[in-house]
Amino acid sequence: MITKSGGEYPYLMEGFGPVLAYLYSWTTVIVLKPSGFAIIALSCAEYASTPFYPGCTPPQVITKCLAAACILIITVVNCLSVKLAFRVQNFFTAAKLLIIFVIVVSGIVLLAQGNTQNFEDSFTGASTSFGAIGLAFYNGLWAYDGWNQLNFITEELKNPYRNLPLAIIIGIPLVTVCYILVNIAYFSVMTPVELLQSPAVAVTFGDRVLYPLSWVVPLFVVFSTFGAANGSCFTAGRLTYAAGREGHVVRILSYISVKHLTPAPALMFNGILSIIYIIPGDINTLINFFSFAKWFFYGLTCAALIVMRFTRKELHRPVKIPIIIPIVVVIVSCYLVLAPIIDKPEIEYLYCTVFIVGGLLLYVPFIHFKFNWTRHIMRPLTMHLQLLLEVVPPEKIK
Amino acid sequence: MSLTKVTNIDALELEDGVQNAAFQEDEDRSRHEPAVVSVTGQEEVAYTQIKPYAGMPKEVLMLYSKQACYRVPREILFWLIIVCTLVLIAVTIAIVALSPRCLSWWQVSPVYQVYPRSFKDSNADGVGDLKGIKEKLSHFDYLNIKAIWISPFYKSPMRDFGYDVEDFRQIDPLFGTMQDFDDLLASMHDKGLKLIMDYIPNHTSDKHLWFQLSRNGIEPYKDYYIWVNCTEDKPPNNWVSVFGNSSWEYDEMRKQCYFHQFLKEQPDLNFRNPLVIQEMTDIIHFWLKKGVDGFRMDAVKHMLEAKHLRNEPQVDPDQDPSTVDTEFELFHDYTYSQPGLHEILTNWRVEMDIYSREPGRHRFMVMESYDYEEIEKTMRYYGTSYATESDFPFNFYLMYLPDALSGNRAKELVDVWMKNMPEGKWPNWVVGNHDKPRIGTSAGREYLRAINMMLLTLPGTPTTYYGEEIGMVNVNVSVIQDPFGKFNPNNSRDPQRTPMQWSDKLNAGFSDNETATWLDIAPDYDTVNVEAQQADSNSIISQYRTLSLLRGAELALSRGWFCYVRSDANVFAYLREMDGKQKAFLVVLNFGEDTVTDLSSVSELPDVLTVDLSTTPIIQKTFSKSRIPTSKGQGLLLQYSTDKRFHSNHASECYVSEKACYFSALDILYKC
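Chain B appears in an unreviewed UniProt entry as Amino acid transporter heavy chain SLC3A1 from Triplophysa tibetana. The record in UniProt for chain B states the following under Subcellular location (unreviewed entry): "Apical cell membrane".

Taking an unreviewed UniProt entry as the reference, chain A is identified by name as b(0,+)-type amino acid transporter 1 belonging to Triplophysa tibetana. Quoted verbatim from the Subcellular location (unreviewed entry) heading of the UniProt record, the comment on chain A is "Apical cell membrane". The UniProt entry for chain A carries this comment under Sequence similarities (unreviewed entry): "Belongs to the amino acid-polyamine-organocation (APC) superfamily."

Draft legend 1. Up close: the state of the cysteines. For the structure shown, the criterion picks out 4 disulfides over all chains. Residue cysteine 563 of chain B pairs covalently with cysteine 654 of chain B via a disulfide, S to S 2.1 Å. Here the disulfide of cysteine 563 of chain B and cysteine 654 of chain B is right-handed, its torsion about the S-S bond being about 115°. Of this pair, cysteine 563 of chain B sits in strand 14 (residues 561–567) while cysteine 654 of chain B sits in strand 22 (residues 654–655), and the two are 91 residues apart along the sequence. With respect to burial, cysteine 563 of chain B and cysteine 654 of chain B carry one shared label: buried. Between the sulfur atoms of cysteine 661 of chain B and its disulfide partner cysteine 672 of chain B the distance amounts to 1.9 Å. Sign of the S-S torsion, about 85° for the bond between cysteine 661 of chain B and cysteine 672 of chain B, identifies this disulfide as right-handed. Of this pair, cysteine 661 of chain B sits in strand 23 (residues 661–663) while cysteine 672 of chain B is found in the segment after strand 24 (668–670), placing the two residues 11 residues apart along the sequence. Cysteine 672 of chain B sits in the partly exposed class, given a relative accessible area of 45%. Sulfur of cysteine 334 of chain A: no disulfide; nearest cysteine sulfur belongs to cysteine 302 of chain A and is 11 Å away.

Draft legend 2. Quick look at the domain arrangement of chain B. Residue and element names in this part refer to chain B. Partitioning chain B into domains gives domain 1 (72–101), domain 2 (105–201 + 271–304 + 339–549), domain 3 (202–270 + 305–338) and domain 4 (561–670). Listed per partner, the contact involves 5 residues of domain 1 and 6 residues of domain 4. Per-residue buried area on domain 1 facing domain 4 is highest for Ile95, Pro100 and Arg101; these three make up 78% of the total on that side. At the boundary of domain 1 and domain 4, one finds 1 salt bridge. Taking the shortest distance from any N to any O, the salt bridge between glutamate 658 and arginine 101 comes out at 3.7 Å. Along the contact surface separating domain 1 from domain 4 lie 0 residue pairs in polar contact (both at pLDDT 80 or more). Residue composition of the side of domain 1 that touches domain 4, by class: 3 nonpolar, 1 polar and 1 charged.

Draft legend 3. Structural context of helix 4 (residues 82–112) of chain A. All names here are of chain A. Here helix 4 contains 31 residues, and its C-alpha end-to-end distance of 44 Å stays within 8% of the 45 Å for a straight helix at 1.5 Å per residue. Considered for burial, the residues of helix 4 that qualify are Val82, Ala85, Val88, Phe92, Ala95, Ile99, Ile103, Val104, Ser106, Gly107 and Leu110. Those residues of helix 4 that are buried lie in contact with helix 3 (60–80), helix 7 (160–189), helix 9 (201–210) and helix 10 (216–245). Measuring from the backbone nitrogen of lysine 83 back to the side-chain oxygen at the start of helix 4 gives 3.0 Å, which picks out serine 81 as the cap.

Draft legend 4. Seen up close, the pattern of salt bridges. Residues and elements named next belong to chain B. Applying the stated rule across the entire model yields 35 salt bridges over all chains. Between glutamate 252 and lysine 255 there is a salt bridge, with its nearest N and O atoms 3.4 Å apart. With its nearest N and O atoms 3.2 Å apart, the salt bridge here joins glutamate 265 to lysine 264. Taking the relative accessible area as the measure of exposure, glutamate 265 reaches 11% and is therefore buried. Lysine 264 gets classed as partly exposed once you look at its relative accessible area, which sits at 38%.

Draft legend 5. Region of the structure containing unusual backbone geometry. Looking along the chain, the bond that leaves tyrosine 211 of chain A and enters proline 212 of chain A is cis, with omega of 5°. Cis geometry marks the peptide bond from glutamate 219 of chain B to proline 220 of chain B; its omega dihedral reads 0°. In this structure, proline 220 of chain B sits in the loop between helix 11 (209–215) and strand 6 (227–228). The backbone of glutamate 390 of chain A shows a phi angle near 55°, a positive value even though the residue is not glycine. Position of glutamate 390 of chain A relative to the elements: it lies in the loop between helix 15 (372–389) and strand 2 (391–392). The residue leucine 309 of chain B is not glycine, and still its phi comes out positive at about 60°. Mapped onto the elements of the fold, leucine 309 of chain B is located in the loop between strand 9 (294–297) and helix 13 (341–355).

Draft legend 6. Local environment of helix 2 (residues 18–49) of chain A. Look at helix 2 of chain A: 44 Å from first C-alpha to last across 32 residues, which is about the 46 Å you get at 1.5 Å a residue. The largest bend along helix 2 of chain A measures about 50° and falls at threonine 28 of chain A.

Draft legend 7. The arrangement of a nonpolar patch on the surface in detail. All names here are of chain A. Together, Phe310, Ile321, Ile323, Ile324, Ile325, Ile327, Val328 and Ile331 make up an exposed nonpolar region whose accessible area comes to about 680 Å². The dominant element in the nonpolar patch, judged by the number of residues it contributes, is helix 13 (residues 324–343), at 5 residues. Relative to the helices and strands, valine 328 is located in helix 13.

Draft legend 8. Seen up close, the nonpolar core. Tyr112, Phe181, Met280, Phe295, Met297, Trp348 and Phe591 of chain B are the most contacted members of the largest nonpolar core, which has 138 residues in total. It is helix 17 (residues 448–457) of chain B that provides the largest number of residues to this core, a total of 7 residues. Counting 58 residues, the second largest nonpolar core, distinct from the first, contains Ala67, Val77 and Ala243 of chain A together with Ile668 of chain B.

Draft legend 9. Region of interest: the packing of aromatic side chains. Considering all chains together, one arrives at 57 aromatic pairs over all chains under this definition. Relative to phenylalanine 297 of chain A, the ring of phenylalanine 296 of chain A lies with its centre 5.3 Å away and its plane at 65°, an arrangement referred to as edge-to-face. Judged by relative accessible area, which is 40%, phenylalanine 296 of chain A ranks as partly exposed. Between tryptophan 227 of chain B and tyrosine 258 of chain B, the ring centres sit 5.6 Å apart and the planes meet at 70°, which makes this aromatic pair edge-to-face. Of the two residues, tryptophan 227 of chain B sits in strand 6 while tyrosine 258 of chain B sits in strand 8 (residues 256–259), which places them 31 residues apart along the sequence. Each member of the pair, tryptophan 227 of chain B as well as tyrosine 258 of chain B, is classed as buried. Put simply, the rings of Trp105, Trp106, Trp149, Phe328, Phe364, Tyr370, Tyr372, Phe392, Phe394 and Phe396 of chain B pair up and form one aromatic cluster.

Draft legend 10. Main features of the sheet that holds strand 7 (residues 248–251) of chain B. All names here are of chain B. The sheet built from 3 strands is open, its strands ordered 6-8-7 with antiparallel pairing. Strand pairing shows two members of the sheet lacking a second neighbour, strand 6 and strand 7, which therefore form its edges. One ladder, built from 2 bridges, connects strand 6 with strand 8; its direction is antiparallel. If you follow tryptophan 227 over to strand 8, its bridge partner there is tyrosine 258.

Draft legend 11. Quick look at the UniProt feature "domain: Glycosyl hydrolase family 13 catalytic" (unreviewed entry) in chain B. The UniProt record marks residues 113–497 of chain B with the feature "domain: Glycosyl hydrolase family 13 catalytic" (unreviewed entry), using the residue numbering of this structure. Note that residues 113–497 of chain B is 28% helix and 12% strand, and that its end C-alpha atoms are spaced 12 Å apart.

Draft legend 12. Main features of the sheet that holds strand 2 (residues 147–150) of chain B. All names here are of chain B. One open sheet accounts for 8 strands, arranged 11-10-9-5-2-1-13-12; its pairing is parallel. At either margin of the open sheet sits one strand with a lone partner, and together these are strand 11 (392–393) and strand 12 (428–430). Summarising the sheet, strand 9 and strand 10 (residues 364–367) pair through 4 bridges and their orientation is parallel. Each bridged residue has a counterpart across the sheet, and for phenylalanine 295 the counterpart in strand 10 is methionine 365. In the packing of helix 13 onto the sheet, the strands contacted are strand 5 (194–199), strand 9 and strand 10, and the crossing angle to strand 10 comes to about 160°.

Draft legend 13. Geometry of the pairing of strand 21 (residues 635–641) of chain B. All names here are of chain B. Summarising burial for strand 21: 5 of the 7 residues are buried, a large majority. In terms of strand pairing, strand 16 (residues 583–590) meets strand 21 through 7 bridges, oriented antiparallel. Residue leucine 589 lies in a different strand from strand 21, and its bridge partner there is glycine 635. Note: strand 18 (residues 608–614) against strand 21, 4 bridges, orientation antiparallel. Its bridge partner lying in strand 21, valine 611 is registered against leucine 638.

Rules used in this analysis
Residues numbered from 1 in each chain as written. Chains lettered and ligands numbered in written order. Predicted model: local features only at pLDDT ≥ 70, side-chain atom pairs only at ≥ 80, totals over all residues. Heavy atoms only, no water. UniProt positions renumbered as here; feature names shortened; annotations may be inferred. Disulfide = S-S within 2.5 Å. Helix = DSSP H or I, 4+ residues; strand = E, 2+ residues; numbered from the N terminus. Buried < 20%, exposed > 50% of the residue type's maximum accessible area, 1.4 Å probe, protein only. Domains from an automatic or database assignment. Contact = heavy atoms within 4.5 Å. Buried area = accessible area lost by both parts, 1.4 Å probe. Salt bridge = Lys/Arg side-chain N within 4 Å of Asp/Glu carboxyl O. Polar contact = N/O pair within 3.5 Å; in protein donor to acceptor, adjacent residues only side chain to side chain. Nonpolar A, V, L, I, M, F, W, Y, C, P; charged D, E, K, R; others polar. Expected span 1.5 Å × (residues − 1). Bend = angle between axes of the 7 residues up to and from the residue. Patch = residues over 30% accessible without salt bridge, like charges linked within 9 Å, V, L, I, M, F, W, Y side chains within 5 Å. Areas by Shrake-Rupley, 256 points an atom, 1.4 Å probe, with all protein chains shown as cover. Core = buried A, V, L, I, M, F, W, Y, C linked by side-chain atoms within 4.5 Å. Phe/Tyr/Trp six-rings, centres within 6.5 Å; stacked < 30°, edge-to-face > 60°. Pairing = 2+ DSSP bridges. Axes fitted to C-alpha atoms, helices over the stretch in contact; angles between N-to-C directions.

Shown next as C-alpha cells:
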C-alpha cells in the first residue's frame, strides 16, 4: 500500500500521526537497528572464534575485535557501492543455501540408510499448554523475521508491486522448506534430547556426519551470519535514511553519497552506534528487553493498516490483504508484548519504556518547536560534513 | 500518494538548505509556505555566489568538496578505517595464536563420587537410586561441581555391589530403568553437569550370559574367560585374589578352573582374546552414544595375567606356601600391570576420542590403579609422548596422610605425585572412596576442613567422595553387607558407604522407608547434614562451596603456579600464583598442633597477608608474614598482592601443568 522505504515507519505515520512514528524511528534508529547489527556481528565473531577455543568460551577481546572488524568491513562495503553490497549478500546467501543443501543431502542419505529411529513417536512428551504454544510462536516467528526486512528497501526494488509479494511468496516457503528439511536431517543423527542440548546443532551434525570435513559447518555458519550482518546493515541504513528524510533525526542522515550513490551518512551513523554497542560487557541481555518494543511496533503497524482501511479508503492498494491478517497479528503482538512482562516482570522493561518515551524530550524542543539555536549548530556542521563526506540530499524519484 | 509526498519533501530540502538546517516537521509546512517564494530567488543567488551551505545539492557540493581541506581528511579517514579493520583482524589472529589451551570440564570442576546405593532413595525401598540422584542435582549446583562420577549401576546380582556386572547394557532394577538413566543424563546435561560412569573391564558376574555360555564350552564364548585344567583341590598355581584365598575356582560343569582376581562370583575376562576386547569396546560405544561423558576404569591393572602361570614370589620366602592367602603376601609380578595392558587402554582412548570431537564434549577417562610404592606404574596411565591414555590415573597417595599426620607428611605425599608426574600432565587428589575408610575417621574430624581446603587449593582436579563436603565419618554398622567384610570384618567397607545425610528428618532425608535403610544412618546426622550446614556460613559445606567457587573464579588457583613454601611437623604451606596477576594465594594448613609460623625469610611475600578464608573462626583479618598463627587442624587461605613472583627464583620448588601468563589490559591468557 505504501511504497516508500523505511519499514513500519510510513504506515505508522499515516495511521497514527507523527508522534508515534517519531517514537518508532527514535527507538529503531538509536537502539533496535544498530544493536541488532551489533548482535549479529558479535555472533558472527563468536562463531568465527569458537573453533579455536574448543571446550571454553573465547576471550571477550577476540569476539569484540572481530565484531568491530566485521561491522567496519560491512559498513565500508555498503558505503562504497550498493552493487557490491548486493554481491556480498548474494554470495553469502548462496553459501548459506549451499551448506543447507549439504546438510539436507547428507541427512537424506542417512535416512536412506535407515537411520529413522528418531522419527518414531516424534511427538511423545510434547506439551500443549497455552504458554508453550505462545513461546513456540515467538521462536518460530523469529526464524521468519526476514520477510520484514524487504519493507525497508521498498524504494530500491525494481517494480515493487510485483517483486515484493513475489519475494515474500518465494522466500517464506523456501525458508520453511529448508527449515523443515534441515531439522529432518538433524534428527537422522540426533535424538530430540541431544538436539535440545546441543549448543550448536549444525556443528554437532557436522562433527558426526561430515568428519573429517566437519570444519565446513562452522565456516559456513560464519558466512551465514556475516551475510545476515550485511543484510541488517543494509536495511538499517535505509531506515535511518527514511527517518532522516522525515526530519525525525538530523537531516544529514538522509543524504546520499555523490560518488557512490549510497546513503553513506546513515550507514556510518548506524555503524558507529553498533561499534559503541559492542564495547560494554554484556549488551545482549539489555537488548533482549527491547525486543518487546519491536513487537509493540509490529502490532501498531498492523493496527495502522486496520485503521487506514476505514480512514483512507481512497488510497490505491497495489497489494491488498484480507483484513483478518492484520487483526491476527495485532492480537499475537499484544500477547507477545504482554506475556513476558506479566510472566516475569522486571525493572528493565520499565527502563526501556522510559527510554522510548524519553525520546519525546528531544522531540518537543527540536522538532515540535524548533528552537533557533539548534540551527546555528546544525547548519555549519551539516555543511562541513556534507563536504567531507561528499553527500547531498536525495533527488526526486523520477 | 507517495509521489506527491516525496515531491513536497524535496521542495523542503531545498528550502531547508537556506532557511532551516535543523529539523523539519510536516505540520510546519504551512507556516513556511510564504518563504517558498523567496526560495527560488535565493536559490539562484546561491548558485552564483557559489558558497557552500547545509543541504546544498550536488552541483554546489562538487565545487568545494575537492578542496584540500576536505579531500585530505576524507582520504585520511578512509584509509584510517581500512587500517583499523586490518589491525583489529591482526590483533584477533595474534591473540588466537598466543592463547594457551583452555581447561576442559574435568580440569575446571572437582569430580564428585556418588555411591548410588547411598546417595538418595526415591522409592522408599531403603536403597538409593538414579531417580534419587536426579532429585538432588541442585546439590552440585550449590557446590559448583560439574563432574559427577556415579559408581556402577549396571544389572548385577550385587555380590560386590555392582562391581559384578551381569549385563553391561542394562540398569539394575534396584537403581531404576534405562528410562530413568536417560532422564538423569538429560537433566544433568541440561544443568551443564557431566556424567562419568564406572566401567569394569576386568571381570563380569558369574551370572553374565558370557560366563554361562563359556562354562558350557559354547563357541565363541569358550575362551571369553581364563580356563585352566586343574583338579578340585589343587589350583594351578599360588595366585591369590584381592579379596583373599586362591584366585582359582574349580567349575563342576566344565571340569576346569576359572580365574578370578576378586570374588569367585567375579570371573576375570580373558583380554588375550580379541573377541573379548571387541565386546568390551562395543560396550564403551554403547554408553558414549547415549551421551555419557566419561569412564572411571575400574581395577585396570588386573586386566591381564602372564600366560605362563608361574607361581608368584612370596614377600616372605620363609612363609609356608600353604598359608599364603592374602594379596600382600605375594609380589604380583605375573598378575598385575602385565605387558599389553596399555595397548588395550590406548585403543579405548582412541575410540573415546571419536566422540570427543564435538567442542566441549571431551570424553573423560580416569584409571583406578593402586600401585603403592611402584608409582611409576600409576604414572604410566598418563600415556606416553606418542600415545595418549587416561586424562589422569587417580592419585590415592593422600590417603596415607593419616598414617603419620603432620605438615611434613602432607608435603611429602603431595610431592610424591608432583615429582613423578610426567611434565605437562594434570594432577589430581583423592582422600576417600567407597573402598577406603573416610578421611574424617582416619585423620580425625578436626583435620577434615584443612584437608578439604588442601584438595581444593592444590593444582589439579580434586575428587570428593560423597559426604566429604559435610564431614561424614565412618559408621559402625550393625549388619555387615560388604562381601569383603564378611570374609574379614576388619576389611568391611560398609562404614564408609552409609547413606548420605541430607537433613535431620527421618533417615537423614535419605529415604522415606519406615523400617530400615540398607546400611545404618550415622548417629550424628542431626547435626552433620546438608540442610543444617547450608544454613551455617561457618560449616564445612559452606567452606567447601566458597573454596570451590574461588577455585573456579581465580586463575591462580585453577591453572597457576604451585610452590612449596614451608613444611614442618605442624604446618604445610604453599602458594599459588600466576604470571601477570598481582593477586596470589598462600595456603597454610595445620596438620599438627597449635603453632605460629614465621615466613619472614620468604622475601617474595609481602609483609601483610589478608585472610580470605579460615576454617576456624578468627577475628584477625590480616597477618604479618612473620607471625601466622594456626591452631590444630586449621586451614588458612591468605591473599596478597605483589609483583614479585616466587617461582622465578625457586624453580625446583614449583610446578605448573601448562605455563600461561595473564595480560590484564585485555583480560586474556597467553603462552609464555
